[in-house]
Amino acid sequence: MTSSGSRLERILRSGRFCVTAELVPPRSAGPGPLRAQARSLVGYADAVNVTDNPTPSARMSPLAGVAVLAASGLEPILQLTCRDRNRLALTADLLGGWALGARGVLCLSGDPVQRGDHPDAAEVRDLSVLELVGLAVALRQGRTLSGGEVEEPPRYLIGVADSPLAPGYDPSRLEAKIDAGADFVQTQIVYDVEAFAAWADLVRPRGVLERASVIAGVVPLRSVRQARFLDGLPGVRVPPGLIRRLEQAGPDAAEVGSALTVDLLAELQRVPHVAGVHLMALGKDGLGQVIEAAGLLPRPTVAA
């Protein structure tokens, strides 16, 4: 792992269970809603991702989001997709993100534009996600991909995504990302902890959990409709038992869903060598209450 000077890195190095979260910039030029959500997570999350045109739809840039989060007292993780930028733009945003306060970067391919609100947009994909990881590593070492010198290198903690419960899962893809220089992994949403633990058993002998910190993705459950929608996403399994309990809860589904999420977080903490959880609210509020109910407060203080 690099020496980024980040709080998240210090927690991962210490072996303590980390909590990261995610905020989605608004479809707006006004920072108010993002600032309010950011302030609600101060003291609750060790670092917070700023998404990059998710699902894919046009929103406030992740660089602006990084600035808002940093000013609010959070440690931002800059998400960058290969979909929308060539290597010049990726380099510029990596340099700019560090200048604005980001200390982690999550390198992503990006979902196809056909799934979003601009289906006719041209995709760039000048670099693959492995090459984007390589670019972040090169900048960390003080050079650009062209060999140019970087006077004040950005020392990012470098992250990648993975879908451990996807059908036909191939661990070599994740191993290639770690070989390229990834320090941490944030996974697709996990509800089936038994299947996730089996995945951990699969990759543990390959050294994956030792070479990179694996952080399990979780979206708090709020309704039967949401659970069924998430169950249809690639790489996501919502066990039928969870859906039945939400159905039986009727008007109390949100309360039951919160309790189920708290139980899920407790189970994930018992999976050996899992470094933490990554909580995603999909643009909603309430992550702080879930973190508190799960007994994940106070967050650890680790000296620099």
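All values reported here derive from a predicted model rather than from experimental measurement.

Novice: It is not clear to me how the pattern of salt bridges should be interpreted in this structure. Could you clarify?
Specialist: Once their charged atoms are close, side chains differing in charge can pair, the charge on each being opposite to the other. Within the structure shown, the criterion is met by 15 salt bridges. R85 is the salt-bridge partner of D93, the closest N and O atoms lying 2.7 Å from each other. Measuring nitrogen to oxygen at the nearest pair gives 2.8 Å for the salt bridge that ties R87 to D126. Residue R87 is located in helix α4 (residues 87-100), and its partner D126 is located in the loop between β4 (104-108) and α5 (129-140); the two are separated by 39 residues in the primary sequence. Judged by its relative accessible area of 30%, D126 is partly exposed. Within the structure, one salt-bridge network assembled from shared partners comprises R7, D46 and R299.

Novice: Explanation requested: the sheet that holds β4 in the structure shown.
Specialist: Either a parallel or an antiparallel arrangement is found when strands of a sheet pair, and the pairing is made through backbone hydrogen bonds. Pairing is parallel around the closed barrel formed by 8 strands, whose spatial order is β1-β2-β3-β4-β5-β6-β7-β8. The sheet shows a mean angle of 25° between the axes of neighbouring strands, direction not considered. Of the pairings in the sheet, the one linking strand β1 (residues 18-23) to strand β2 (residues 47-50) comprises 4 bridges and is parallel in character. Bridge pairing in β2 places L23 opposite V50. Helix-sheet contacts for α5 involve β3 (76-81), β4 and β5 (157-162), and the interaxial angle to β4 is about 155°.

Novice: Please clarify how the pairing of strand β7 (residues 213-218) should be interpreted in this entry.
Specialist: Every regular strand shows the same layout, with side chains that alternate between the two sheet faces. The buried fraction of β7 is high, at 6 of 6 residues. Judged from the 4 bridges that link them, strand β6 (residues 184-189) and β7 form a sheet pairing that is parallel. Counted as the bridge partner of F184 is S213 from β7. Here β7 runs beside strand β8 (residues 276-280); their pairing, made up of 4 bridges, is parallel. The residue of β8 that forms the bridge with A216 is V277.

Novice: So what exactly am I meant to see when it comes to the nonpolar core here?
Specialist: Considering soluble globular proteins, one finds that nonpolar side chains tend to be buried as a cluster. Among the nonpolar cores identified, the biggest contains 84 residues, and Y191, F196, W199 and L268 are the most heavily contacted of them. Contact partners of Y191, with chain neighbours within four places excluded, come to V219, L221, L230, V236, R237, V238, P239, L242 and L264. One finds A47, I77, L157 and F184 within the second-largest nonpolar core, a separate group that totals 13 residues.

Novice: Got a minute to help me understand the pairing of β3 in this structure?
Specialist: Of all 6 residues making up β3, 6 are buried, and the element is well covered by its neighbours. Neither face of β3 is open: one carries P76, L78 and L80, the other I77, Q79 and T81, and all of them are buried. With 3 bridges connecting them, β2 and β3 associate as parallel partners. Counted as the bridge partner of V50 is L78 from β3. On the question of chirality, the crossover connecting β2 to the parallel β3 by way of helix α3 (residues 62-71) is right-handed. With 5 bridges joining them, β3 and β4 adopt parallel strand pairing. Paired with I77 across the bridge in β4 is G104.

Novice: Can you help me understand the packing of helix α2 (residues 32-41) against α3 in this one?
Specialist: Any two packed helices are characterised by how steeply their axes cross, that is the angle between the axes, and by the distance between the axes. The N-to-C vectors of α2 and α3 enclose an angle of 45°; their axes lie 9 Å apart at closest approach. Between α2 and α3, the crossing angle belongs to the class labelled oblique. Handedness of the α2/α3 crossing: right-handed. Contacts between α2 and α3 involve L34, R35 and A38 from the former and G65, V68 and L69 from the latter. Of the residues assigned to the contact of α2 with α3, the class counts are 4 nonpolar, 1 polar and 1 charged.

Novice: Even after reading the chapter, I still don't get the side chain of R83, so can you show me in this structure?
Specialist: By secondary structure assignment, the location of R83 is in the loop between β3 and α4. Within the structure, R83 has its side chain in polar contact with the side chain of D84 (distance 2.7 Å). When near neighbours in sequence (up to four residues on either side) are disregarded, R83 contacts D52, N53, P56, S109, G110, D111, V113, E123, V124 and R125.

Novice: Teacher, can you tell me more about unusual backbone geometry here?
Specialist: Trans peptide bonds make up the majority, and among non-glycine residues the majority have a negative phi. In this model, L297 is joined to P298 through a cis peptide bond whose omega is -10°. By secondary structure assignment, the location of P298 is in the segment after α12 (287-293). Non-glycine residue N53 carries a positive phi angle of around 45°. As for its placement among the helices and strands, N53 is situated in the loop between β2 and α3. One non-glycine residue, T55, adopts positive backbone phi at about 70°. As for its placement among the helices and strands, T55 is situated in the loop between β2 and α3. Relative accessible area serves as the criterion here: at 59%, T55 is assigned to the exposed category.

Criteria and thresholds
- Residues numbered from 1 in each chain as written.
- Predicted model: local features only at pLDDT ≥ 70, side-chain atom pairs only at ≥ 80, totals over all residues.
- Heavy atoms only, no water.
- Salt bridge = Lys/Arg side-chain N within 4 Å of Asp/Glu carboxyl O.
- Helix = DSSP H or I, 4+ residues; strand = E, 2+ residues; numbered from the N terminus.
- Buried < 20%, exposed > 50% of the residue type's maximum accessible area, 1.4 Å probe, protein only.
- Pairing = 2+ DSSP bridges.
- Axes fitted to C-alpha atoms, helices over the stretch in contact; angles between N-to-C directions.
- Contact = heavy atoms within 4.5 Å.
- Core = buried A, V, L, I, M, F, W, Y, C linked by side-chain atoms within 4.5 Å.
- Right-handed = clockwise from strand over helix to strand, strands pointing away.
- Parallel < 35°, antiparallel > 145°, perpendicular 65-115°, else oblique.
- Left-handed = near helix turned anticlockwise from the far one by under 90°.
- Nonpolar A, V, L, I, M, F, W, Y, C, P; charged D, E, K, R; others polar.
- Polar contact = N/O pair within 3.5 Å; in protein donor to acceptor, adjacent residues only side chain to side chain.

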